[in-house]
There are 2 protein chains.
Amino acid sequence: MEFPHKKQYYKQAKPILVAVDCIIFGFNQSTLQLLLFKRKIAPFLGAWSVIGSFVQEQESTSDAAIRVLQEHTGLENIFLDPLALYSDPERDPGARVISQAYFSLIHLEDEALNKVETHQARWFDLKDTPSLMLDHNIMVQDALDKLRTKARYSPIGFELLPEKFTIPQLQLLYEAIYQKELDRRNFRKKILSMGLLDKLDEKDKSGSRKGAFLYQFNAENYQKMVKEGVDFIL
Amino acid sequence: MEFPHKKQYYKQAKPILVAVDCIIFGFNQSTLQLLLFKRKIAPFLGAWSVIGSFVQEQESTSDAAIRVLQEHTGLENIFLDPLALYSDPERDPGARVISQAYFSLIHLEDEALNKVETHQARWFDLKDTPSLMLDHNIMVQDALDKLRTKARYSPIGFELLPEKFTIPQLQLLYEAIYQKELDRRNFRKKILSMGLLDKLDEKDKSGSRKGAFLYQFNAENYQKMVKEGVDFIL
DNA sequence: AAAGGTAAGCGTTTGTTTTACACTTGTAAA
DNA sequence: TTTACAAGTGTAAAACAAACGCTTACCTTT
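Residues numbered from 1 in each chain as written. Chains lettered and ligands numbered in written order. Predicted model: local features only at pLDDT ≥ 70, side-chain atom pairs only at ≥ 80, totals over all residues. Heavy atoms only, no water.

J.: Can you walk me through the side chain of S53 of chain A in this structure?
T.: Along the polypeptide, S53 of chain A turns up in strand β4 (residues 51-54). The residues touching S53 of chain A, leaving out its near neighbours within four places in the chain, are A19, V20, R67 and V68 of chain A. (Helix = DSSP H or I, 4+ residues; strand = E, 2+ residues; numbered from the N terminus. Contact = heavy atoms within 4.5 Å.)

This is the structure:
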């Protein structure tokens, strides 16, 4: 079916500015980090905010989110999860703007750290986050809630760690997400029983004299589990 | 802070038409039902679609969803859960329109049934759903997936049943959602152990000679559970 | 008035998962 | 070669889930 004259339909409706905002979490040693940058346009010029942009005419909101992440941080191939649409008519005093928020988790390796810093973005320890403009504080809180929920039924941890990681590292991450301590032995047992980790021959000795074996996430098995509808509750 | 001249900001950005669509599920005896209506504007005049509308200048998307549900069905005080934002530039050949979908569950009592039918909307058995316009088929599928997921960690069942209901009724509902049979005795045990049901003195004798006791959902206990972070996995 | 049929409701047994906690191992530094 | 310390293994008790047999209430049929 062809619609050569798009403009003829929906004349009575009033268009609205649409933006995307990305709440990006990273994990470093034992703390969650949040990616922020200094706003470059008025109003709120110079205020801290999460990374965002307006949605252009020929892109979906997820395309826009991918684009803006690339523009502001140089990062690519990052998985973005829709968080919520923020649409209060009064949320932005600059204009009627609705914003689709996305959230994402990334490996905090040296590369990611450096790329980001050369693009006017900055990592903050989640506990030292400055006050953000507009409703961005709420977005971050919502993203945290969603992160915790999501961590219960999806192997989210692996998105936040480097390709090779140790079990104690993985545990620290879950402890940071849930904000509570877990039993070392039970954690190991449970996570290994899922069959999602491939043990490597290498050890990481940065954490102890003995050193801890490195593991890799087995994405193939994970796909199988998802297909079979298996739960991933930690 | 005052911004008397809203128009001066964000000049470079291009506004987009924003719509809401509501995927409304009901439950009747033992089958899930879907609320649809015949579209009244071009393009796709006369096609079956879920209930929707454009978002107006001074309302949030959730306000718009509540409004449109009221306008099309006469129903009020319905809980609407955000589903997803559909933003593909090509999704509507009539214009660039993005749509925030909501989904909701309602009690299928006589009142709701009748109200709806006098407002040009119609209930379909989920299995007999006609093909829908645009991406509405996808929305319905996404809503179903979300319904199943949500049913795992939230006492969603109670939204779909009348105020007073029997345990066998509740079980039929869960069986319709999960599409599989559950053990009568274990279901009863588990659901009662949660402390979310208040037993009444009345019986409903429509289903059997013996009759089944009616129960009510205890919203207060549920709030407590949510606050304490307890899971509700069925 | 008694017998029969049927869904509602209750309890027990068995197997699995979670929790709690004690002990052993490997390695760099003293 | 001893020490310190995180990494890693094992096990018993408790809680939970799955499977399934039996009893109860009440209408219908005879």
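J.: Explanation requested: the interface of chain B and chain A in the structure shown.
T.: For an interface, size is often stated in terms of accessible area lost upon the parts coming together. Contact residues are listed per partner, giving 42 residues for chain B and 42 residues for chain A. Buried surface at the junction of chain B and chain A, both sides included, amounts to about 3,800 Å², of which 62% is carbon and sulfur. Counting across the interface, chain B meets chain A through 2 salt bridges. For K14 of chain B, the salt bridge identified is with E57 of chain A, shortest N-O distance 3.6 Å. At the boundary of chain B and chain A, one finds 9 residue pairs in polar contact (both at pLDDT 80 or more). If you list the elements that add at least two residues to the side of chain B that touches chain A, you get β1 (17-28), α1 (61-73) and β6 (97-107) of chain B. For the side of chain B that touches chain A, the element with the most residues is β6 of chain B, which contributes 3 residues. (Buried area = accessible area lost by both parts, 1.4 Å probe. Salt bridge = Lys/Arg side-chain N within 4 Å of Asp/Glu carboxyl O. Polar contact = N/O pair within 3.5 Å; in protein donor to acceptor, adjacent residues only side chain to side chain.)

J.: For this particular structure, what's the right way to read the protein's contact with DNA strand D?
T.: Among the 21 residues in the neighbourhood of DNA strand D, the closest are listed as R185, R188 and K210 of chain A together with R185 and K210 of chain B. Atoms of DNA strand D within 4 Å of the protein belong to the sugar or the phosphate in 51% of instances, the rest to bases. Here a phosphate oxygen of DNA strand D sits 3.3 Å away from a polar atom, N or O, in the side chain of K190 of chain B. Among the secondary structure elements, those contributing two or more residues to the surface near DNA strand D are α6 (184-193) and β10 (212-217) of chain A together with α6 (184-193) of chain B. (Near = heavy atom within 4 Å.)

J.: Just checking my understanding: could you explain the sheet that holds strand β9 (residues 197-204) of chain B for this structure?
T.: Sheet strands associate in pairs through backbone hydrogen bonding, adopting either a parallel or an antiparallel arrangement. Residue and element names in this part refer to chain B. The 3 strands lie next to each other as β8-β10-β9, forming an open sheet whose pairing is antiparallel. Of all strands in the sheet, those with a lone pairing partner are β8 (164-166) and β9, marking the two edges. Here the strands of the sheet are splayed against their neighbours by 45° on average, with no regard to which way each runs. Pairing of β9 with strand β10 (residues 212-217) involves 5 bridges; the strand directions are antiparallel. Counterpart to K203 in the pairing with β10 is F213. Its contacts with the sheet place helix α5 (residues 167-178) against β8, β9 and β10, and it is angled at close to 80° to β8. (Pairing = 2+ DSSP bridges. Axes fitted to C-alpha atoms, helices over the stretch in contact; angles between N-to-C directions.)

J.: I would appreciate a short explanation of the nonpolar core in the present structure.
T.: In a soluble, globular protein the nonpolar side chains are often hidden away together inside. The biggest cluster of nonpolar side chains holds 44 residues, and the ones touching the most others in it are I24 of chain A together with I24 of chain B. Those residues in contact with I24 of chain A, other than ones at most four positions away along the chain, are Q33, L34, L35, L69, L80, S104, I106 and W123 of chain A. (Core = buried A, V, L, I, M, F, W, Y, C linked by side-chain atoms within 4.5 Å. Buried < 20%, exposed > 50% of the residue type's maximum accessible area, 1.4 Å probe, protein only.)

J.: How should I be thinking about the pairing of β10 of chain B in this particular structure?
T.: Where a strand is regular, its side chains alternate between the two sheet faces. Direction of pairing for β8 of chain B relative to β10 of chain B: antiparallel, over a ladder of 3 bridges. Across the sheet, the residue bridging to F165 of chain B is Y215 of chain B, located in β10 of chain B.

J.: Just checking my understanding: could you explain the relation of the copies chain B and chain A for this structure?
T.: Mapping one chain copy onto the other needs a rotation about an axis and a shift along that axis. Overlaying chain B on chain A yields an RMSD of 0.1 Å, the required transformation being a rotation through 179° with an accompanying axial translation of 0.1 Å. The relationship between the two copies is best expressed as a two-fold rotation axis. (Least-squares fit on C-alpha atoms with pLDDT ≥ 70 in both.)

J.: Explanation requested: the packing of helix α5 (residues 167-178) of chain A against α6 of chain A in the structure shown.
T.: In a packed pair of helices, the relevant descriptors are the angle between the two axes and the axis-to-axis distance. Residue and element names in this part refer to chain A. Contact pair α5 / α6: the axes reach a minimum separation of 10 Å and the direction vectors enclose 105°. On the basis of their axis angle, the class for α5 and α6 is roughly perpendicular. Each of I167, L170, Q171 and Y174 in α5 lies in contact with α6, whose residues at this interface are R184, F187, R188, I191 and L192. A breakdown of the residues in the contact of α5 with α6 according to their chemical character gives 6 nonpolar, 1 polar and 2 charged. (Parallel < 35°, antiparallel > 145°, perpendicular 65-115°, else oblique. Nonpolar A, V, L, I, M, F, W, Y, C, P; charged D, E, K, R; others polar.)

J.: Looking at this model, I keep getting lost on the protein's contact with DNA strand C. Mind explaining?
T.: In the region of DNA strand C, 21 residues are neighbours, and R185 of chain A together with R185, R188, K210 and F213 of chain B sit closest. Of all DNA strand C atoms lying within 4 Å of any protein atom, the proportion belonging to sugar or phosphate reaches 48%. One nitrogen or oxygen atom from the side chain of R185 of chain A is found 2.6 Å from a base nitrogen belonging to DNA strand C. Counting only elements with at least two residues in the surface near DNA strand C, the list comes to α6 of chain A together with α6 and β10 of chain B. For the surface near DNA strand C, a count of residues per class yields 3 nonpolar, 4 polar and 14 charged.

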